[in-house]
Amino acid sequence: QEKINRLRNEHRISVIGKNVPKPIKSFEDLKTFYNVPEDLVKNLAECNYSTPTPIQMQAIPIMLEKRPLLACAPTGSGKTAAFLLPMINHLKGPEKRGFRAIILNPTRELAKQTYRECVRLSEGRGFRIHIISKVDQALEKYGPKSSQKFDILITTPKRLLCLLNHEPPAVSLQNVEWLVIDEADKLFEAGPRSFRSQLKQISTACTSENLRIAMFSATNTFIVNKWCKRHLKGLVRVTIGLKNA
Ligand code: ADP
Ligand code: ADP
Ligand code: MG
């Protein structure tokens with residue numbers, strides 16, 4: 001335990017929660033401690049990620065253990081891979097059960113960046129990853145017949161709701177196991193009330209017992225903390241940049 005505290009302090013990782021898994025020191029640890037297959041570790045290397053950033057050290061093990069997470073780390077600190085890697089490991093490969101992971105981003109541009117990183121980190125797995133660009137096209141694509149073919153959806157909340165509210169609903173979220181909210185501070189900030197209700201609609205549509213929610217944010221904001229504490233049982237909070245208490 002003392003060793004773990006020292007490691008966290010050294011990387012300015014602070015955690016709040018019960019039984020928080022210890023940080024990984026290297027991507028090799030993923031194989032040793034979590035049986036993450038070689039190909040995913042190789043994909044990290046292909047991205048020239050040689051050592052995990054502090055948020056990756058701590059957030060990846062938490063998500064691998066399927067714990068709900070609120071992660072705060074500065075912009076540019078590698079949050080995208082921190083949630084994509086465990087998500088990809090968890091989904092394993094394509095299945096014809098419809099979307100099993102949803103990633104919400106505040107803007108289309110950010111969604112595109114997330115999409116590109118998801119493609120790189122899941123290289124060789126054969127996932128069908130989708131980004132909602134035009135809602136009309138999405139209606140055709142995900143329509144009742146074909147939506148089962150997709151595994152991962154990366155989008156903005158507005159677009160997703162547009163599909164959900166379509167009559168009949170143009171997308172089913174009943175098999176979603178990971179709902180990742182990226183840039184949560186921005187999403188809540190842009191319209192606290194509207195985002196709360198959007199999030200409620202989205203999480204209500206995710207009816208699977210296996211649903212897990214992870215939030216990533218650049219700043220530690222009261223409103224995001226409050227939402228997570230109220231809605232996520234067994235929550236782990238991680239903040240990078242502070243000394244651990
Ligand atoms: P954030 O979402 O925290 O703002 P990003 O996930 O966009 O950060 O990552 C910022 C940059 O760091 C990206 O160019 C990404 O490719 C790179 N990066 C992420 N993880 C690592 C790593 N472990 N080693 C080196 N570079 C990394
Ligand atoms: P986002 O929040 O997804 O970035 P914006 O409000 O920036 O969306 O809109 C970008 C463009 O995408 C708009 O000009 C609009 O035509 C289209 N768009 C966004 N949301 C929808 C929607 N729900 N239905 C149809 N088109 C949309
Ligand atoms: Mg980011």
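That block above? That's the structure.
Residues numbered from 1 in each chain as written. Chains lettered and ligands numbered in written order. Predicted model: local features only at pLDDT ≥ 70, side-chain atom pairs only at ≥ 80, totals over all residues. Heavy atoms only, no water.

Draft legend 1. Inspection of the overall build of the chain at higher detail. Counting its regular elements, the chain contains eleven helices and eight strands. In terms of overall dimensions, the chain is globule-like: its C-alpha atoms have a radius of gyration of 17 Å, near the 18 Å expected for 245 residues. In terms of its C-alpha atoms, the chain occupies a principal-axis envelope of roughly 55 × 40 × 30 Å. Expressed as a percentage of its 245 residues, the buried residues of the chain come to 53%. For the chain, restricting intrachain contacts to residue pairs at least 6 apart in sequence, the fraction spanning at least 24 positions comes to 75%. Summed over its atoms, the accessible surface of the chain is roughly 12,100 Å², and 50% of this surface lies on carbon and sulfur atoms. A gap of 5 Å separates the mean positions of the 39 positive and 22 negative side-chain charges of the chain. (Helix = DSSP H or I, 4+ residues; strand = E, 2+ residues; numbered from the N terminus. Rg over C-alpha atoms; globule rule 2.2 N^0.38 Å. Buried < 20%, exposed > 50% of the residue type's maximum accessible area, 1.4 Å probe, protein only. Contact = heavy atoms within 4.5 Å. Areas by Shrake-Rupley, 256 points an atom, 1.4 Å probe, with all protein chains shown as cover. Lys, Arg positive; Asp, Glu negative; His and termini not counted. Charge placed at Lys NZ, Arg CZ, Asp CG, Glu CD.)

Draft legend 2. Examining the packing of aromatic side chains more closely. Counted under the stated rule, the structure contains three aromatic pairs. Arranged with centres 5.1 Å apart and planes meeting at 55°, the rings of F83 and F216 form a pair that is tilted. Here F83 is found in helix 5 (residues 79-91), whereas its partner F216 is found in strand 7 (residues 212-217), with 133 residues between them in sequence. The pair formed by F83 and F216 is uniform in burial state, with each residue classed as buried. The ring of F33 carries K22 above its face, with NZ or CZ at 4.5 Å from the centroid. (Phe/Tyr/Trp six-rings, centres within 6.5 Å; stacked < 30°, edge-to-face > 60°. Lys NZ or Arg CZ within 6 Å of the ring centre and 35° of its normal.)

Draft legend 3. Here's a closer look at the pattern of salt bridges. Applying the stated criterion across every chain, the model contains eleven salt bridges. Taking the shortest distance from any N to any O, the salt bridge between E28 and K31 comes out at 3.2 Å. One end of the pair, E28, and the other, K31, are both in helix 2 (residues 28-34), three residues apart, so they sit about a helical turn from each other. Each of E95, R97, R100, R128, D151 and E177 takes part in one network of salt bridges that share partners. (Salt bridge = Lys/Arg side-chain N within 4 Å of Asp/Glu carboxyl O.)

Draft legend 4. View of the pairing of strand 8 (residues 236-240). Most of strand 8 sits inside the fold, with five of its five residues counted as buried. Strand direction decides the pairing type here: strand 1 (residues 13-16) and strand 8, joined by four bridges, are antiparallel. Within strand 8, the residue paired with S14 across the bridge is T239. Both strand 2 (residues 69-72) and strand 8 contribute to a ladder of four bridges, which runs parallel. Opposite A71, over in strand 8, you have V238 as the bridge partner. (Pairing = 2+ DSSP bridges.)

Draft legend 5. How the structure looks around helix 5. If you check helix 5, its first and last C-alpha atoms are 19 Å apart, about what 13 residues at 1.5 Å a residue would give, namely 18 Å. For helix 5, the tally of buried residues reaches twelve of 13 residues, placing the bulk of the element in the interior. Residues of helix 5 that are buried include every one of K79, A81, A82, F83, L84, L85, P86, M87, I88, N89, H90 and L91, and no others. Downstream of helix 5 by a residue or two, K92 has a phi angle that is positive, lying close to 65°. (Expected span 1.5 Å × (residues − 1).)

Draft legend 6. Fine view of the pairing of strand 7. Within strand 7, five of the six residues are buried, leaving the element largely enclosed by the surrounding structure. Relative to strand 7, strand 2 runs parallel, the two sharing four bridges. Across the sheet, L69 pairs through a bridge with A214, a residue of strand 7.

Draft legend 7. Local environment of the nonpolar core. Formed by 46 residues in total, the largest nonpolar core has its most connected members in L30, L69, M87, I152, F216 and V238. At eight residues, the largest contribution of residues to this core is made by helix 5. The contacts of L30, once residues within four sequence positions are left out, are I24, N35, V36, V41, L44, I60, L64 and L85. Core analysis: the second largest hydrophobic core is formed by 33 residues, L187, F195, I202 and W227 among them. (Core = buried A, V, L, I, M, F, W, Y, C linked by side-chain atoms within 4.5 Å.)

Draft legend 8. Seen up close, the packing of helix 8 (residues 157-164) against helix 10 (residues 192-205). Two elements in contact, helix 8 and helix 10, have axes whose closest approach is 10 Å; the angle formed by their N-to-C orientations is 50°. One way to sum up the angle between helix 8 and helix 10 is to call them oblique. Crossing handedness for the pair helix 8 and helix 10: left-handed. Residues P157, K158, L160, L161 and L164 of helix 8 form the contact with helix 10, whose own contacting residues are F195, Q198, Q201, I202 and A205. Taken together, the residues of the contact of helix 8 with helix 10 break down into seven nonpolar, two polar and one charged. (Axes fitted to C-alpha atoms, helices over the stretch in contact; angles between N-to-C directions. Parallel < 35°, antiparallel > 145°, perpendicular 65-115°, else oblique. Left-handed = near helix turned anticlockwise from the far one by under 90°. Nonpolar A, V, L, I, M, F, W, Y, C, P; charged D, E, K, R; others polar.)

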